[in-house]
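# Breakdown of the fold
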Amino acid sequence: MLVLHGACAFAMLWLAGWLWNAHVQPWWSSQRRRGSGIVLIALGAVLIVSGWLLYYAGGDEVRRWTSVVHWAIGLALAVPVLVHALRAGRYRSPTGTAEIHRKT
């Protein structure tokens, strides 16, 4: 399961890069959902750093605390992702085109 988790984590890093270019940058200037987006970015950064520490950091005490943080953030991340996604429906047109693109 840890090997599968690591493979999925690597895929998520790729997806995060794609999301940054295709989703975050175009919407950043609109100021909408920026707060929840910042929360998602920050929690993702904590997951990346804690995952790296779990893999490379030595010492049982560091691994124990890092593991607790990684588990807690990973499980709790579902809530802000849902909030961010559910709120997105209010800013889309009926055709599915993002509002930011209609301004031009």
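Description of the structure in this document. Given the structure is predicted, the values throughout are model-derived calculations rather than measurements. (Residues numbered from 1 in each chain as written. Predicted model: local features only at pLDDT ≥ 70, side-chain atom pairs only at ≥ 80, totals over all residues. Heavy atoms only, no water.)

On a plain count of helices and strands, the protein comes out with 5 helices and 0 strands. In the protein, the succession of α and β elements from N to C terminus is α-α-α-α-α. When burial is assessed residue by residue, the protein has 22% of its 104 residues classed as buried. Sequence-distant contacts in the protein: of pairs separated by 6 or more residues, those separated by 24 or more amount to 60%. Accessible surface, the protein as shown: approximately 7800 Å² in total, 72% of it carbon and sulfur. (Helix = DSSP H or I, 4+ residues; strand = E, 2+ residues; numbered from the N terminus. Buried < 20%, exposed > 50% of the residue type's maximum accessible area, 1.4 Å probe, protein only. Contact = heavy atoms within 4.5 Å. Areas by Shrake-Rupley, 256 points an atom, 1.4 Å probe, with all protein chains shown as cover.)

For the rest of this paragraph, the subject is the packing of aromatic side chains. Summed over all chains, the structure comprises 2 aromatic pairs. An angle of 45° between the planes, with centres 5.4 Å apart, marks the rings of Trp52 and Tyr56 as tilted. Of this pair, Trp52 and Tyr56 both sit in helix α2 (residues 34-56), 4 residues apart, which is roughly one turn of that helix. Residues Tyr55 and Tyr56 carry aromatic rings whose centres are separated by 4.8 Å and whose planes lie at 80° to one another, so their mutual orientation is edge-to-face. Of the two residues examined, Tyr55 and Tyr56, each falls in the exposed class. (Phe/Tyr/Trp six-rings, centres within 6.5 Å; stacked < 30°, edge-to-face > 60°.)

Here we take up the side chain of Thr66. Along the chain, Thr66 turns up in helix α3 (residues 60-76). Setting aside chain neighbours within four positions, we find Thr66 in contact with Ser50, Leu53 and Leu54.

In a regular helix each residue adds 1.5 Å, so 17 residues correspond to 24 Å; α3 covers 24 Å between its end C-alpha atoms and thus fits that length. Those residues of α3 hidden inside the fold are in contact with α1 (2-28) and α2. (Expected span 1.5 Å × (residues − 1).)

What follows is about the packing of α2 against helix α4 (residues 78-88). Packing of α2 against α4 brings their axes to within 10 Å, and their N-to-C directions diverge by 145°. Viewed along their axes, α2 and α4 form a crossing whose handedness is left-handed. Residues Ser36, Gly37, Val39, Leu40 and Leu43 of α2 touch α4, and the partners they reach there are Pro80, Val81, His84 and Arg87. Across the contact of α2 with α4, the residue classes tally to 5 nonpolar, 3 polar and 1 charged. (Axes fitted to C-alpha atoms, helices over the stretch in contact; angles between N-to-C directions. Left-handed = near helix turned anticlockwise from the far one by under 90°. Nonpolar A, V, L, I, M, F, W, Y, C, P; charged D, E, K, R; others polar.)

Bringing the packing of α1 against α2 into the picture now. Two numbers describe how α1 lies on α2: the axes approach to 12 Å, and their chain directions differ by 160°. As far as their axial angle goes, α2 and α1 are roughly antiparallel. Of the two elements, α1 crosses α2, and the hand of that crossing is left-handed. Here Leu13, Trp20, Val24 and Trp28 of α1 come into contact with α2, specifically with Arg34, Ile38, Ile41 and Ile48. A breakdown of the residues in the contact of α1 with α2 according to their chemical character gives 7 nonpolar, no polar and 1 charged. (Parallel < 35°, antiparallel > 145°, perpendicular 65-115°, else oblique.)

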